Amino acid sequence: MARDLATPPASFDEILAWLNSDRDVAAQQYLQLRHDLVKVFGWNRCADPEGLTDEVFDRVSKRVRELRQTFTGDPRLFFYGVARNLIKERSKKFWFQVSLDDTDLAATSSVDLHDEIRMRREECLELCLQKISHDKRELILNYYAKEKQAKIDHRAEIAKQLGMSVEALRVRVYRIRNSLVQCIVSCLDDKTAQ
Amino acid sequence: MKEELVTDASLRQYLLGSVDDEERQRIESLVITNALSKERVFVAEEDLLDDYLEDALAHSDKERFLAQYAYTRERQHQLQISRDIRNWAIAQQERIVTSRAEISRRSRLFAQFRLKPILMVPIAVAAVIAIIGVILWLNRKMELRNRQFAVEQEIVRLNASTSNTDAQVSSLTLRPITLRSVAPQTDLVIRPEVQIVELRLLWNENESYPIYEARLTRIGGVQSFTIRNLHSEPDGMAIRLRLPSHILTIGTYHLELIGVAADGRIGPIEEFQFSVTG
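Bear in mind that the values here come from a model prediction, so they are computed numbers and not experimental data.

**Q** Looking at this model, I keep getting lost on helix 8 (residues 115-131) of chain A. Mind explaining?
**A** The periodicity of an α-helix, 3.6 residues per turn, causes residues three or four places apart in sequence to face the same way. Residue and element names in this part refer to chain A. In this model helix 8 runs 24 Å from its N-terminal to its C-terminal C-alpha over 17 residues, within 8% of the 24 Å that 1.5 Å per residue would give. For helix 8, the complete set of buried residues consists of R121, C124, L125 and C128. Summarising the axial view, the buried residues of helix 8 lie within an arc of 105°, below the 170-degree limit, and thus occupy one face. Facing away from the buried side of helix 8, by more than 90 degrees, are the exposed residues D115, E116, M119, E126 and Q130.

**Q** What's the story with the sheet that holds strand 1 (residues 169-174) of chain B in this structure? I'm lost.
**A** The strands that make up a sheet pair up through hydrogen bonds in the backbone, lying either parallel or antiparallel. Residue and element names in this part refer to chain B. One open sheet holds the three strands; their spatial order is 1-3-6, and the pairing between them is mixed. Of all the strands in the sheet, just strand 1 and strand 6 (238-244) have a single pairing partner and so form its edges. Shown here is a sheet whose adjacent strand axes are inclined to one another by a mean of 20°, direction ignored. Bridge analysis of strand 3 (residues 196-202) against strand 6 gives seven bridges, and the strand direction is antiparallel. If you follow I196 over to strand 6, its bridge partner there is P244.

**Q** Quick question: what am I supposed to make of the packing of helix 1 (residues 8-15) of chain B against helix 3 (residues 35-53) of chain B here?
**A** Two packed helices can be described by the angle between their axes and the distance between those axes. Residue and element names in this part refer to chain B. Viewed as axis vectors pointing N to C, helix 1 and helix 3 meet at an angle of 70°, and their least axial separation amounts to 9 Å. By the angle between their axes, helix 1 is roughly perpendicular relative to helix 3. Of the residues in helix 3, those touching helix 1 at D8, L11, R12 and L15 are R40, V41, A44, E45 and L48. Considering only residue class, the contact of helix 1 with helix 3 consists of five nonpolar, no polar and four charged.

The rules behind these values
Residues numbered from 1 in each chain as written. Chains lettered and ligands numbered in written order. Predicted model: local features only at pLDDT ≥ 70, side-chain atom pairs only at ≥ 80, totals over all residues. Helix = DSSP H or I, 4+ residues; strand = E, 2+ residues; numbered from the N terminus. Expected span 1.5 Å × (residues − 1). Buried ≥ 20, exposed ≤ 12 C-beta atoms within 10 Å, placed from the backbone. Arc of directions from axis to C-beta. Pairing = 2+ DSSP bridges. Axes fitted to C-alpha atoms, helices over the stretch in contact; angles between N-to-C directions. Parallel < 35°, antiparallel > 145°, perpendicular 65-115°, else oblique. Contact = placed C-beta atoms within 7 Å. Nonpolar A, V, L, I, M, F, W, Y, C, P; charged D, E, K, R; others polar.

Below, the structure is given as structure tokens:
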């Protein structure tokens, strides 16, 4: 349910200027904010996080000139406030709006594990794994070497070997995985476009 | 809204949709404004996905997880990619473990055939001795061959028809074994100053030959000498054979004399025997 971005260019410029006086920094903050709002909508089980994020920016764009004069504090919190209102407004509409196709993860997975899609994912994973360094691949490999109870001690041992806390190790692995996920998503988009 | 108050447990409850509105807003505000807090939520989310994928969630948490993550295709997609990465890592690990097991199995197999360290030193010593023995044997063989070659050259020189020498010579006439079978054995005493022993080999055959060939062997020994191009005396009754005295050590010698025709055909053989005594 993707929506067209209805934010007029002039308002968009105003939004950027409000986020940061440096336009390049502002552009980065804008992208980050979009990403974060999509995540927040997702965590709130909203059916169309992207569309709702567009809606947030649409709403803010209509008042941005005034807000720049009146709002004090981190402008991102204002965007978040609008997002919360949207979630509340539409909670009855979106909350638990689980389609029949999506209720059973296993069933959905079996659909998604269709050979062609799975092959694309595997190809992209292979491709992206080659793009990261050997050390990073090794770390991911090591991190998942054990399961359940044994993994706790194992990961503590890895952290000790690397001279970092388990918390820092989790963050490092997350970052590697995140870069992999970004790469895979981008790769899948390219394959779909072809 | 202090960040330190956000624990992993509360983040997990947030991700499972089990926190109240106030806590939800607190966490989400931090996600929007604080990069580190946001990362913590993402890490907690990855841990949650992992726990689901390895079926480590409690039943109630699993139900809540499915309600959250089966909800949108975007989230399913995220889950599938996480599953792919995890499956890849597990498959790689299994491959490594299998590979190590195979190496270990081969090592054990190899170890069964490998000698114990305590035996290694004696075997190594024996091998070195054997190698040295072979080298010495080869050297000895080479030395004997060279010596024999030198002796044969010396005999050739001594028996050349034009060869004249001032050396001390001891002569001995030998009859073929058939003729002197009833006669006492011929003994040869070689005095120290004697350098050459000249044997007159009586030729009992009717036919004479342009050249003769003699083969000398010490009975019980391994060495033998073949002397070619020997000639008979002018009357054809005897063939003269000169030998350096140093090759004749104490013992009994057997000598074959063969006539060789002009066309290379081998004629009759006469046999002689003599003893060198002290």
